[in-house]
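# Understanding the architecture of this molecule
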Amino acid sequence: MMRLTIDTDYLSETLQALLNIPSPTGYTDTVVRFVSVELERLGLKVELTRRGAIRAIRKGARDSGARAIVSHLDTLGAQVKFLKDNGRLSLVPIGHWSARFAEGARTTIFTGSGAYRGTILPLKSSGHTFNDEIDTLPVGWDHVEMRVDALAYSRDDLDRLGIEVGDIVSIDPQSEFLDNGFIISRHLDNKAGVAVTLAALKALNEAGAETPVDIHWLFTIAEEVGVGASSILMPEVASMLTVDNGTTAPGQNSSEFGVTFSMADQTGPFDYHLTKKLVELCQENDIRYQKDVFRYYRSDSASALEAGADVRTALITFGVDSSHGYERIHMHALRSLAELITCYVVSPVAIKRDYQETAGVSGFTRQPTEEAEQSLTADSDDPATP
């Protein structure tokens, strides 16, 4: 089966809906419910772990050697560190992101008394008061504070409002969907990945596509703090395809167009054979792609392997400019990823030994070690001439 047509209107609408649901790590119940309802609408039965990671299985010809498609629902955010005497809040980040991108952000703080709106500001934010000092203030979480949009001018006022240490703060996405295909927003990591996987599932269902093995659609809730897919994989899963953001920046090979394959992240290389298969599917189905290596990056794949899962893992990404900042992507990349997922899940299983958790050496994979052919000879006068 060739790549399937992706409903980009559905993809865009789903992404917008996801972005409008606050879901910093630790506060994901609402987005879990939203995605669960959508999976059920798409015909799958949903299972939740105790904390809310989602598993939905689309049945294939056999259950052993299953494939998993994994994306994470949680985003970056912040948490109250302490209540300040001036009626403002000191914050610590949820996930790894710079306070440089927090300055000026509109926020919602979730308390036992209800939600309040607010803004994250530098400690010196008034130009009419501090003049040039606002430009020399260091960057860091110790140099910002949250101003709550309520009558809060002292610590006692904050206590009266019911605001407590540890309360979760979500950051407004500030999303824009442009007619030229660019999407600008916070939290595209990884709300865009979730929208991609749902769009791929919709395309498979509409085409009545059959798969050689069960496909596990997995959505994790704590990837931004390193937990990710550590407790969601079932033993029958042999291969795991993680969908997340790439890093479009100087010195990187990621792109805002097509599929960007991560060949390795800070935890090491991804599976040789699974990544090679995915690249070949791009070549066979005319899906644009490029490869990259991420030095300061980890994903659901890392957490699954560190938890002891014996699965092949690969990471396909949509290139993100200003990752973990005010991010930008293009619909071309999202559509390309969804197309690749549809090609992958219907493709034949090449490594049939993976149907079993362990087996003998018969059928085990081989990686090429032969010397490459070259046209040069040792006594060539002109290296450009064979």
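Presented here is a report on the structure given in the accompanying data block.

## With respect to the overall build of the chain
In terms of regular secondary structure, the chain is built from 9 helices and 18 strands. Relative to a compact globule of 386 residues, whose C-alpha radius of gyration would be 21 Å, the chain shows 23 Å and is just as compact. Its C-alpha atoms put the chain at 75 × 60 × 45 Å along the principal axes. Residues classed as buried in the chain amount to 54% of the 386 residues present. Per element, the accessible surface of the chain, about 18,300 Å² overall, is 48% carbon and sulfur.

## Quick notes on the packing of aromatic side chains
Each aromatic ring pair is described using two quantities: the centre-to-centre distance and the angle formed by the ring planes. Taken as a whole, this structure holds 5 aromatic pairs when the rule is applied. With a centroid separation of 5.0 Å and 75° between ring planes, the pair formed by W97 and W141 is classed as edge-to-face. With a gap of 44 residues between them, W97 in the loop between β5 (89-94) and β6 (106-111) and W141 in the loop between α4 (133-136) and β8 (144-148) connect regions that are remote in the sequence. Relative to F257, the ring of F182 has its centre 6.2 Å away and its plane inclined at 75°; by these criteria the two rings are edge-to-face. On the criterion of sequence distance, the pair formed by F182 in strand β11 (residues 182-185) and F257 in the loop between β13 (237-248) and β14 (259-265) is long-range, its members being 75 residues apart. Residue class for F182 comes out buried when judged on its relative accessible area of 17%. Taking the relative accessible area as the measure of exposure, F257 reaches 26% and is therefore partly exposed. In this arrangement the basic side chain of R67 is found over the ring face of Y344, its NZ or CZ atom lying 4.6 Å from the centre. Over the aromatic face of Y10 sits the side chain of K202, whose NZ or CZ is 5.4 Å from the ring centroid.

## With respect to the pattern of salt bridges
With the rule as written, the count across this model stands at 18 salt bridges. Of the charged contacts, one joins R88 and E145 as a salt bridge, the two residues approaching to 3.3 Å between their closest N and O atoms. Residue R88 is found in the loop between β4 (77-83) and β5, and its partner E145 is found in strand β8; the two are separated by 57 residues along the sequence. Where salt bridges share partners, they join R3, R335 and E339 into one cluster.

## Focus: helix α1 (residues 8-19)
Helix length check: α1 (12 residues) gives 16 Å between terminal C-alpha atoms against 16 Å at 1.5 Å per residue, within 8%. Within α1, burial applies to Y10, L11, S12, T14, L15, L18 and L19. Elements in contact with the buried residues of α1: α2 (29-41), β10 (176-177), β11, α6 (188-207) and α9 (331-346). The backbone nitrogen of D9 has a side-chain oxygen 3.2 Å away, supplied by the residue at the start of α1, namely D7.

## Quick look at α6
In this model, α6 (20 residues) spans 28 Å end to end at C-alpha, consistent with the 28 Å of a helix rising 1.5 Å per residue. Of all 20 residues that make up α6, 17 are buried, and the element is covered over most of its length. Looking at the residues trailing α6, positive phi occurs at G208, about 60°.

## Quick look at the side chain of T119
With respect to the helices and strands, the residue T119 is situated in strand β7 (residues 114-122). Polar side-chain contacts of T119 include one of 2.7 Å to the side chain of R106. Sequence-distant contacts of T119, defined by excluding residues within four places in its chain, comprise G104, A105, R106, T107, E145, M146 and R147.

## Digging into unusual backbone geometry
Leaving glycine out, the prevailing phi sign among residues is negative, and the prevailing peptide bond configuration is trans. A cis geometry characterises the amide bond from D189 onward to N190, with omega recorded as 0°. Within the secondary structure, N190 sits in helix α6. Of note in this structure, H324 is not a glycine but carries a positive phi near 60°. Assignment of secondary structure puts H324 in the loop between β17 (312-321) and β18 (327-330). Judged by its relative accessible area of 22%, H324 is partly exposed.

## Details of the nonpolar core
The tendency in soluble globular proteins is for nonpolar side chains to be buried side by side. Counting 65 residues, the largest nonpolar core has L39, W217, L278, I316, L334 and I341 as the members making the most contacts within it. Those residues in contact with L278, other than ones at most four positions away along the chain, are L241, F261, A314, I316, L340 and Y344.

## Some details on the pairing of β14
Within β14, 6 of the 7 residues are buried, leaving the element largely enclosed by the surrounding structure. Two strands pair when backbone bridges link them, and β14 and strand β16 (residues 289-293) are joined in this way by 5 bridges, in the parallel orientation. In the sheet register, V259 faces β16, and the bridge partner there is Y289. For β14 and β17, the ladder comprises 3 bridges, and the chain directions are antiparallel. Considered in β17, the bridge of T260 is made with T317. Both β14 and strand β15 (residues 268-269) contribute to a ladder of 2 bridges, which runs antiparallel. Along β15, the bridge assignment pairs A264 with P269.

## Quick word on a negative patch on the surface
Where like charges cluster on the molecular surface, the negative patch consists of D85, D156, D159 and E164. Tracing the chain through its elements places D159 in helix α5 (residues 155-161).

## What to know about the pairing of strand β2 (residues 54-58)
Of all 5 residues making up β2, 4 are buried, and the element is well covered by its neighbours. As judged from the 3 bridges shared by strand β1 (residues 46-48) and β2, these two strands associate in the antiparallel manner. Within β2, the residue paired with L48 across the bridge is I54. Count of turn residues in the β1/β2 antiparallel hairpin: 5 residues, of which G52 carries a positive phi of about 120°. For β2 and strand β12 (residues 215-220), the ladder comprises 5 bridges, and the chain directions are antiparallel. What sits directly across from I54, in β12, is F219.

Conventions we followed
- Residues numbered from 1 in each chain as written.
- Predicted model: local features only at pLDDT ≥ 70, side-chain atom pairs only at ≥ 80, totals over all residues.
- Heavy atoms only, no water.
- Helix = DSSP H or I, 4+ residues; strand = E, 2+ residues; numbered from the N terminus.
- Rg over C-alpha atoms; globule rule 2.2 N^0.38 Å.
- Buried < 20%, exposed > 50% of the residue type's maximum accessible area, 1.4 Å probe, protein only.
- Areas by Shrake-Rupley, 256 points an atom, 1.4 Å probe, with all protein chains shown as cover.
- Phe/Tyr/Trp six-rings, centres within 6.5 Å; stacked < 30°, edge-to-face > 60°.
- Lys NZ or Arg CZ within 6 Å of the ring centre and 35° of its normal.
- Salt bridge = Lys/Arg side-chain N within 4 Å of Asp/Glu carboxyl O.
- Expected span 1.5 Å × (residues − 1).
- Contact = heavy atoms within 4.5 Å.
- Polar contact = N/O pair within 3.5 Å; in protein donor to acceptor, adjacent residues only side chain to side chain.
- Core = buried A, V, L, I, M, F, W, Y, C linked by side-chain atoms within 4.5 Å.
- Pairing = 2+ DSSP bridges.
- Patch = residues over 30% accessible without salt bridge, like charges linked within 9 Å, V, L, I, M, F, W, Y side chains within 5 Å.
- Lys, Arg positive; Asp, Glu negative; His and termini not counted.
- Charge placed at Lys NZ, Arg CZ, Asp CG, Glu CD.

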